[in-house]
Amino acid sequence: MAVKSCKCVLVSLFALGFCLQLLALAEPCQKGQHWVRAHYRKGYIRADGVNVSATSVVAHCQDNPPSNQNWQVKLATGLPHAWQQGGERTVEWTLEQKERVLDALSPLPQVLLNTAIEGIYRLKTSKIDVDNPAAGFNGQIAIYDPAFSTRQNLSRVMAHEIAHEMYRQFSFADRTEYLNVAGWRVKEAPSGLPVIVPRLDGYVDEECADSPTEDFAKNIEYYLFDPSKLKNVSPDISQWIHKKYGDKFKMGVAH
Amino acid sequence: MQQRCLVKFFVLFGLTIFLETQAVVVFPKTINYKTRKIKFEQVQALDYGKDTNQKLIEYWGKPDQVVRSGNGELEWIYRERLIETISVESAAFNIAEKSGLLNGAVWIPQDTDPLSKIVNLAAQFKGAHFIIKSEGQVSRDYDSDNLIYRDEDRGVSFLVSGQSKLISAIVWSIPKKRESTTKPSYNHPDTE
């Protein structure tokens, strides 16, 4: 009898424990929110430039920025399709990294958020430059380990990579207009091949001279995160961006 | 006082006439870029390595800009048409500074131009054998999907946007061979 009741108590305890576990797993958040599990978060630079220190995040419900819906599904695994940098290695997304990327995207202007991106992939490091925080090809973005370092503003990194894609998706007229205003020209190289040559000066960063797409991505990045520098160095480009994308093209509250 | 003014006037007048005469000698024809039209067929018909800059002056007058390339070449840049209030570059020619020989050219189509489409443009180069290459890495964090079509024998290349598949520019250089066959062909090196 005593054995039987003991068994009964054990089964009941097991069942109770199972139910409690289920409850713990269930996301108790309201619609429009998502459940953030407890995790350790490294220090980082927020979109507005504020340094956020490392902390242990307590499990909680967090409001979904509207951009989450579109972007969450783009956090992809594996290697981007036809990725040009052979030998690069994929890594698993951590919960913290997913949260960080979605948070970083949310204050970006709607024009950037509306740009068609096929997927955001998580790779270990760039073969070209180990310090590269991210790279892009054909509508795909790879996020490397350095993107999550305390030195990087992830919103700025994402703005830059999405701007590359904006440039790729430019209409013929938009592209011609940008090349014209930014002083890029097509020239016959000594090899007989077409080469796009840059203007002589007026760069916010020396990498701008690499190509029109890099120039555009850097200029968008500076327009959003260091507008006074762009205004001083390349006033025509700053004006063109303002004219093209309007007053709402600026960093804001979470979209 | 009046005499001095009169002398100054005649000196300036004479100088102006002299400079204008010189300009006419160098550039006998001036065409405003707003009315200028540089046709593909004209740029295509030029004989690179044989024709001189005189032909350009005959066709389109003086260039809007001349840039010294540094390798003994001058670049004559012609602008035309407007996007809102902006003129855009339409064609540029590489010219040997000493001889005036045409070494190469770039022609930029508009998106409304039928020749901005690869199929239409290819039909203009019957017998050409194009090798297609990707533009590839253009910065430390970006690989371009733009394509470059090149027929070295004919000295013709196209820059094609990977996304829109529209032609961004057509480039001519001195051809390796001057004779042509009959049909164009397109072979991607990766699929050969």
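Here is what the cut-offs are and how they apply
Residues numbered from 1 in each chain as written. Chains lettered and ligands numbered in written order. Predicted model: local features only at pLDDT ≥ 70, side-chain atom pairs only at ≥ 80, totals over all residues. Heavy atoms only, no water. Buried < 20%, exposed > 50% of the residue type's maximum accessible area, 1.4 Å probe, protein only. Helix = DSSP H or I, 4+ residues; strand = E, 2+ residues; numbered from the N terminus. Pairing = 2+ DSSP bridges. Polar contact = N/O pair within 3.5 Å; in protein donor to acceptor, adjacent residues only side chain to side chain. Contact = heavy atoms within 4.5 Å. 1 Å grid on protein atoms, 1.4 Å probe; cavity = no way out; pocket = protein on both sides within 12 Å on 5 of 7 lines; lining within 4 Å. Points joined across faces, edges and corners; volume = space filled by probe spheres on them. Nonpolar A, V, L, I, M, F, W, Y, C, P; charged D, E, K, R; others polar. Expected span 1.5 Å × (residues − 1). Phe/Tyr/Trp six-rings, centres within 6.5 Å; stacked < 30°, edge-to-face > 60°. Lys NZ or Arg CZ within 6 Å of the ring centre and 35° of its normal. Domains from an automatic or database assignment. Buried area = accessible area lost by both parts, 1.4 Å probe. Salt bridge = Lys/Arg side-chain N within 4 Å of Asp/Glu carboxyl O.

Residue and element names in this part refer to chain A. Residues His34 and Val36 point to one face of strand S1 (residues 33–36) and are all buried, whereas Gln33 and Trp35, pointing to the other face, are not buried. Pairing between S1 and strand S6 (residues 60–63): four bridges, direction antiparallel. Looking at S6, one finds that Val36 is bridged to His60.

Attention shifts here to the side chain of His164 of chain A. Following the sequence through the fold, His164 of chain A ends up in helix H5 (residues 154–168). On the accessibility criterion, His164 of chain A (0% relative accessible area) is buried. Within the structure, the side chain of His164 of chain A is placed 2.7 Å from the side chain of Thr213 of chain A, a separation counted as a polar contact. Beyond its immediate stretch of four places on either side in the chain, His164 of chain A contacts Thr213, Glu214 and Ala217 of chain A together with Ser139, Asp141 and Tyr142 of chain B.

Below, the discussion takes up empty space enclosed by the protein. Scanning the model with the defined rule gives one cavity of 30 Å³ or more in all. The calculated volume of the largest cavity comes to roughly 50 Å³. Around the largest cavity, the lining is made up of 14 residues, and of these Gln85, Ile128 and Ala135 of chain A together with Arg140 and Asp143 of chain B lie nearest the centre. Among the secondary structure elements, those contributing two or more residues to the lining of the largest cavity are strand S5 (129–139) and strand S6 (142–151) of chain B. Here the lining of the largest cavity is built from residues that sort into five nonpolar, five polar and four charged.

Attention now goes to H5 of chain A. Residues and elements named next belong to chain A. The first and last C-alpha atoms of H5 sit 21 Å apart over 15 residues, in line with the 21 Å expected at 1.5 Å per residue. Counting buried positions along H5 gives 14 out of 15 residues, so the element sits mostly inside the fold. Where H5 begins, the side chain of Asn153 points an oxygen toward the backbone nitrogen of Ser155, at a separation of 3.1 Å.

A separate point is the packing of aromatic side chains. Counted under the stated rule, the structure contains 22 aromatic pairs over all chains. Seen from their ring centres, Tyr59 of chain B and Trp60 of chain B are 5.1 Å apart, and the 65° between their planes marks the pair as edge-to-face. According to the relative accessible area criterion, Tyr59 of chain B is partly exposed, its value standing at 30%. Judged by its relative accessible area of 1%, Trp60 of chain B is buried. For the ring pair Trp60 of chain B and Phe93 of chain B, a centre distance of 5.5 Å and an interplane angle of 20° mean the geometry is stacked. Taken together, the residues Trp60 of chain B in helix H3 (residues 53–60) and Phe93 of chain B in strand S3 (residues 86–96) connect sequence positions 33 residues apart. Pair check on accessibility: Trp60 of chain B and Phe93 of chain B agree, each one buried. Between Lys74 of chain A and the ring centre of Trp71 of chain A, over which it is positioned, the NZ or CZ distance is 5.0 Å. Directly above the ring of Tyr222 of chain A sits Arg156 of chain A, whose terminal nitrogen or CZ lies 4.8 Å from the centroid.

A common measure of how large an interface is: the accessible area buried when the components associate. Residue and element names in this part refer to chain B. Entries for chain B in the domain assignment read domain 1 (27–108) and domain 2 (109–192). Taken together, the contacts link 15 residues of domain 1 with 16 residues of domain 2. For the domain 1 and domain 2 pair, buried surface summed over both sides reaches about 1,400 Å², with 59% attributable to carbon and sulfur atoms. If you sort the residues of domain 1 by the area they bury against domain 2, Phe40, Tyr48 and Trp107 come out on top, with a joint share of 40%.

Below, the discussion takes up the interface of chain A and chain B. Taken together, the contacts link 38 residues of chain A with 43 residues of chain B. In this assembly, chain A packs against chain B so that about 3,300 Å² is buried in total across both faces, 51% of it on carbon and sulfur atoms. Connecting chain A to chain B are six salt bridges. Between Arg140 of chain B and Asp129 of chain A there is a salt bridge, with the nearest N and O atoms lying 2.9 Å from each other. Seen at the junction of chain A and chain B, the total is 20 residue pairs in polar contact (both at pLDDT 80 or more). Counting residues per element, the ones that place at least two in the side of chain A that touches chain B are strand S9 (134–137), H5, helix H6 (172–182), strand S11 (185–188), strand S12 (194–197) and helix H7 (212–225) of chain A. No other element matches the six residues that H6 of chain A contributes to the side of chain A that touches chain B. Bridge count for S9 of chain A against S6 of chain B is two bridges, and the pairing is parallel. Residue pairing across strands places Gly136 of chain A opposite Tyr142 of chain B, the latter belonging to S6 of chain B.

The rolling of a water-molecule-sized probe over the atoms marks out the regions of remaining empty space. Approximately 990 Å³ is the volume found for the largest pocket. Lining the largest pocket are 47 residues, with Leu179, Trp184, Arg185, Val186 and Ile196 of chain A sitting closest to its centre. Split by residue class, the lining of the largest pocket holds 21 nonpolar, 14 polar and twelve charged. When residues of the lining of the largest pocket are sorted by domain, at least three fall in each of domain 1 (27–108) and domain 2 (109–192) of chain B.

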